[in-house]
Every structure is written in C-alpha cells, then in structure tokens.
Amino acid sequence: MSYKDSYFHAVFWRQFKANPLAVAGGALVVILFAVSLLAPFIARHSPDTINAWHVLAPPSWEHWFGTDELGRDVFSRVVYGARISLKVGFVAVGIAVVIGTAVGLVSGYYNGLTDGALMRIVDIMLCFPAFFLILAVITFLEPSIWYIMLVIGLTGWMGVARLVRAETMSIREMDYIMASRCIGCSDGRIILRHILPNVLSPVLVSATLGVAGAILTESALSFLGIGVQPPTPSWGNILTSGKDYIEFAWWLSFFPGLSILVTVLAYNLLGEGIRDALDPKVEKR
Amino acid sequence: MEGYILKRLLMLVPLMIGITLVTFSVIHLAPGEPVEMQMAMNPKVGKEARERLKKFYGLDQPLHIQYLSWVGKIARLDFGRSLSSDGRPVIDRITERLPVTVSLNLIALVLEFGFAIPIGIMAAVHRDTWIDKGITVLVFIGFALPAFWVALLLMYFFGVKLNWLPVSGLHSLGSDSYSLPLYLWDMIKHLIMPVMVASFGSLAGLSRYMRSSMLNVIAQDYITTARAKGLPERVVIYKHALRNALLPLITLAGFSIPGLIGGSVIFETVYAIPGMGQLFYQGVMSRDYTLVMGILVIGATLTLVGNLLADISYAIADPRIRHGQ
C-alpha cells in the first residue's frame, strides 16, 4: 500500500485541509514551537536584564511590548514564557493521558467490580473543583515547575478515562477481539495490541484540547503567585506585575494575556479540526 | 422514579466517604506535616512546644485514627478550628463567606444560560451560514480567554480608564450610611465586573453545547413531521424542538458547578470579593490546613448535591424517564 492510498492521506488529511480554522490552528502551533525553540534568536534583549533607566516604558521600536517594573524587555520575557507554557502543557497532558488511558482500558475491558470501583474514583475526583485541589496540593509542596506539571496531570485524567472506557467497551464486543481470544491471546496482549491502537485517535483529540487547558491552569497559578516563580518568565507571572501596575502600564497586562489567548485558541482549533477530520460522521462542509 | 431517586441518594454515601478520603490524603500525604509548615516560619518555637501543638491538634495519633476522628467530627459539621491567629471555628469562617460566592455564581449561572441558549439556537437555526460561522469563531475565542486577563482588562477599562465601576470589594467605604436603594445600587455596581468574569467563562462551551443539542433534535423525524404539517418555522423551533433540546442542558448545569466554584478563586482575588474563593486562597497561602480541608469537603459536597439535583430534575423533566420506571 503506497502512502497515497493510506487512510491518513485519503481521508484525514483531505478533510483537515478543507477546514480553514483547523489549518490556522495547526500553523499557529507550529509557529509557537518555532518561537520557543528559537527564543534566544527572536528575543531582542535578554529576558533578565534589569534597566533602571527604562522602567515601565511604553511599547516602542526598541521594546516592542514595552518594559516592566524592573526595566526588563516584555517582548523577550513573553518569548521565553512560551517555553514554559509548552513544557507545562505537554508534560501535564502526557501524565493525564497515560493515567486516563490506562484506567479507561482496564475499566472498559474488565467490567464488573473493577470497572465500578475505578469509575467511582473518577466520580469522586470530578466532584472537586480541580482548581481548588491543585491549589491545595501545590502550596504544600515546594514551588517547582515539575510539581505544577505533575499536579495538573494528576487532576486532569478523568475525562480521558471516561472517553477511553466508552471506546474500549464498544471495541471489546467486536468480532476480531473474539477471534484473538480464540487463538489464545492474553488479556494484556488484546488490550495493548488490539484495543489501544483503536482508542488513540479520540485520545489525541482530547490531549490536544487538554494542552490548552493545562496552559490556562498554569498561567492562572502563576498569576496567583504559586506557579512558576520569578525571575523565570511565564505569561501568568508577568500578568501578576501587570495587575499591580495596571493604572500606569497596560502593556504589561495586555501582551502576555494576548499570548495565552492565541496559544489556547491555536490548540483548541487544532484539536477540534483533528476531531472533525477523524469523524466519518461529519459531513463535508 | 422513587426507586431511582433512592438509588441516587444511597450512592451519596460512598461518594462522600471518597471525598473525605481524597481531602485527607491530599493534605496528610503531602511531604511535610501541617504543623511543621506553620512552625518552620517561626524559629522561636521550640521542640517541646511543637510536640504540644501536635498533641493539641491530634497529630501525634496514627493516620487512620486521625482520619476517623476527623470524619466523625465532620459528620457533626465540626470542621475544627482555623489555624489562623484568631482561631475561629472553620465552619463559621466558611458560612460567612459561602453566601457571597453561591449567590454570585447563581447570578452568573442564570446569565450564562440566558445568553447561551439564544446564541446556541441562533447558530443551529442558521447552520453553516455566516451567522453560524461568526458565532463559532467568537465561541472559540471565548473558550481561550483567560478569566484573570479578562478581569484585568475590564478593571483597566471600566475601572481605571472610564472610572465607571469600582474595582474592589462589595461595598464602597461608608456605604452603611446610604439609603437602601443607594446601598443596593452601590452593591450592583461592585458586582457587575465579577459577575461578567464569572459568567463568560462557561458561556462559550454552553452555547456550543446548545447548538449541537438543537441540531440533534432538528434532525429527528418528529420535527420533519411538524414542518410537513405546514407549521411556521418559529413554532417548530420554539415549541417543538426547544423543549427537547434544553433537556441535556440540565445535566450540564450540574456539571458546571465545580468550574464555577474553582473559578471564584480568580475573580474574588482580583476584585477583592470576600467569598469562599478568596478565603480558600488565603487559607492555602497561610497553610491553614483545617480551613483548606473544610473548604475542599464543602466545595466537593456542593458539586455532589448540584449533580444530584440536576439528575433528579432531568428525570422529572423527561417523560421517557418519568414514566419509564
């Protein structure tokens, strides 16, 4: 089977390309990756250089996004902040996806008591306002970006678990699963080799949307002062000083917020685009 | 129907136990003991005093004993004393803050549904036209807007630039001496921005949901029948389709509670609203762990009750379930 005949090329890619919002989202995500990889070349100043003569200067040709209360270049800080957002987004979602997929597979494949117990845990976790839980745990730990990722991941797997469980339950009833059981495949092999590959596409969609959510959560935490600690720039903690100087320096609040908006928008558009392109039921527009 | 409600009520018991277990483990399994955290900031406290404090809070007991005695107290609505300097009972501190947060979120919830339903209907009825596409783009932007940024921008625009609205608290200084209408007007002015921030958060998702729910209903045979009878489109949509399209939104109202409560941390800290979100933030920052545990349990219980009410109202509203059992 040549590349051109593959399902990916024939259906998915054609559908995806036809959706301008999805393409825009995908392009933005690529640009964001490029920005965080090339941050030292894009930033025109060091993000940490303090300049007492240029405190809270409005946007200018020299400082595109103005300067902050210590005279640091806001554009450079926003560019470096992109690294934090991507890192948090991907690691946190990675953790959530691994836990959620594992719980969903086990729960959906072995129904009965195991399923009941695991789903009650999901119900219980969903009762807590996630943001409260994250705040509670994070403040009892030392502030560190790794803890933030871990905690966002540990409080965000329930949606994936429910999704994977539902998929697994319908796949389990299919003939080819019965066939593999007949030729003596173990449960582990059936789950990993025959079911897992088929649940990956919905997981991909919710992971993409999850990156957006994790970035929002991280920025909210950093905004409250318990996320990424200064002087490391993150979009959320730039906004914290933006709040203190809102009367004199709108640029300090405006640009980091806009970056969050654009990033989250990009991942949401990409995620929805993948969903639509994967869904055979969505008619062509 | 009664059987269904009874079953749901019985399910509350294991869920409540789970909630207390998660809350307890979150606080006690985190590295470092709660009292240690407090003492670490105060070098003057000696080892002896530390032991005495531990004993006072029962922290010298094994974990399972601590858990059982804590749950036993919670069952009697005794959440212990706050570790803050005033040492007031946690339940008092929560109940004085709870009404602010709950009423603010109820107003937000009503506004959300009030706007999301017509927006969703409009998008569904004009499917694939520029109206639908325009709404879709706006919804995506709404999804992506960070609440605290919106809060800051509103604060800058209406509070600082235009100076129309007060930027913090619930009342102006000296508002106690105002006449009643003036006092209320003052409070409404203080509430406008927080309510806007609280409600716009789920507005996007809700209207998207309403759109797809409406599209599902419109695709059904009975709507084709109604159209074939020659009913005007307005009657078809608002009389025949709307009622069924609204059903799934009942469940969604229950689901949106944790998000609303969690979101209150953001706008209550930005606008200095004395509600539960702000209290929780303060508790967390001062490592007041009895308070934090109390709010976690109460927050989760509110969600549980909200979901239960939503499911019961769904069962009452949907005749297929109402008469089914």
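Our subject in this report is the structure included herewith. (Residues numbered from 1 in each chain as written. Chains lettered and ligands numbered in written order. Predicted model: local features only at pLDDT ≥ 70, side-chain atom pairs only at ≥ 80, totals over all residues. Heavy atoms only, no water.)

## Here's the deal with the overall build of chain A
Across its full length, chain A holds 12 helices and 0 strands. Tracing chain A from N to C terminus, the helices and strands come up as α-α-α-α-α-α-α-α-α-α-α-α. Structurally, chain A occupies a C-alpha span of about 75 × 50 × 30 Å along its principal axes. Looking at chain A as a whole, 50% of its 285 residues are labelled buried. Sequence separation of at least 24 residues holds for 70% of the intrachain contacts in chain A that already meet a minimum separation of 6. Summing over all exposed atoms, chain A offers an accessible surface of approximately 13000 Å²; the carbon and sulfur share of this is 67%. In chain A, which carries 20 positive and 20 negative side-chain charges, the distance between the mean positions of the two groups comes to 8 Å. (Helix = DSSP H or I, 4+ residues; strand = E, 2+ residues; numbered from the N terminus. Buried < 20%, exposed > 50% of the residue type's maximum accessible area, 1.4 Å probe, protein only. Contact = heavy atoms within 4.5 Å. Areas by Shrake-Rupley, 256 points an atom, 1.4 Å probe, with all protein chains shown as cover. Lys, Arg positive; Asp, Glu negative; His and termini not counted. Charge placed at Lys NZ, Arg CZ, Asp CG, Glu CD.)

## Remarks on empty space enclosed by the protein
Residue and element names in this part refer to chain B. Taken as a whole, this structure holds 1 cavity of 30 Å³ or more when the rule is applied. In terms of lining residues, the largest cavity is bounded by Ile-119, Ala-123, Ile-135, Thr-136, Val-139, Ser-207, Arg-208 and Arg-211. Taken together, the residues of the lining of the largest cavity break down into 4 nonpolar, 2 polar and 2 charged. (1 Å grid on protein atoms, 1.4 Å probe; cavity = no way out; pocket = protein on both sides within 12 Å on 5 of 7 lines; lining within 4 Å. Points joined across faces, edges and corners; volume = space filled by probe spheres on them. Nonpolar A, V, L, I, M, F, W, Y, C, P; charged D, E, K, R; others polar.)

## What about the interface of chain A and chain B?
Taken together, the contact pairs 43 residues of chain A with 49 residues of chain B. Linking chain A with chain B are 3 residue pairs in polar contact (both at pLDDT 80 or more), by the criterion used here. Elements supplying a minimum of two residues to the side of chain A that touches chain B: helix H5 (113–127), helix H6 (130–139), helix H10 (187–223), helix H11 (235–244) and helix H12 (251–278) of chain A. For the side of chain A that touches chain B, the element with the most residues is H12(A), which contributes 11 residues. Along the lines of polarity and charge, the residues of the side of chain A that touches chain B split into 30 nonpolar, 5 polar and 8 charged. (Polar contact = N/O pair within 3.5 Å; in protein donor to acceptor, adjacent residues only side chain to side chain.)

## Considering the pattern of salt bridges
Inspection of the entire model under this criterion finds 13 salt bridges over all chains. Of the charged contacts in the structure, one is a salt bridge between Arg120(A) and Asp123(A), with a shortest N-O distance of 3.0 Å. Within this pair, Arg120(A) and its partner Asp123(A) are both found in helix H5, separated by 3 residues, close to a single helical turn. Owing to a relative accessible area of 18%, Asp123(A) belongs among the buried residues under this scheme. With a closest N to O distance of 2.9 Å, Asp132(B) and Arg211(B) form a salt bridge. With a gap of 79 residues between them, Asp132(B) in helix H6 (residues 130–144) and Arg211(B) in helix H8 (residues 180–218) connect regions that are remote in the sequence. (Salt bridge = Lys/Arg side-chain N within 4 Å of Asp/Glu carboxyl O.)

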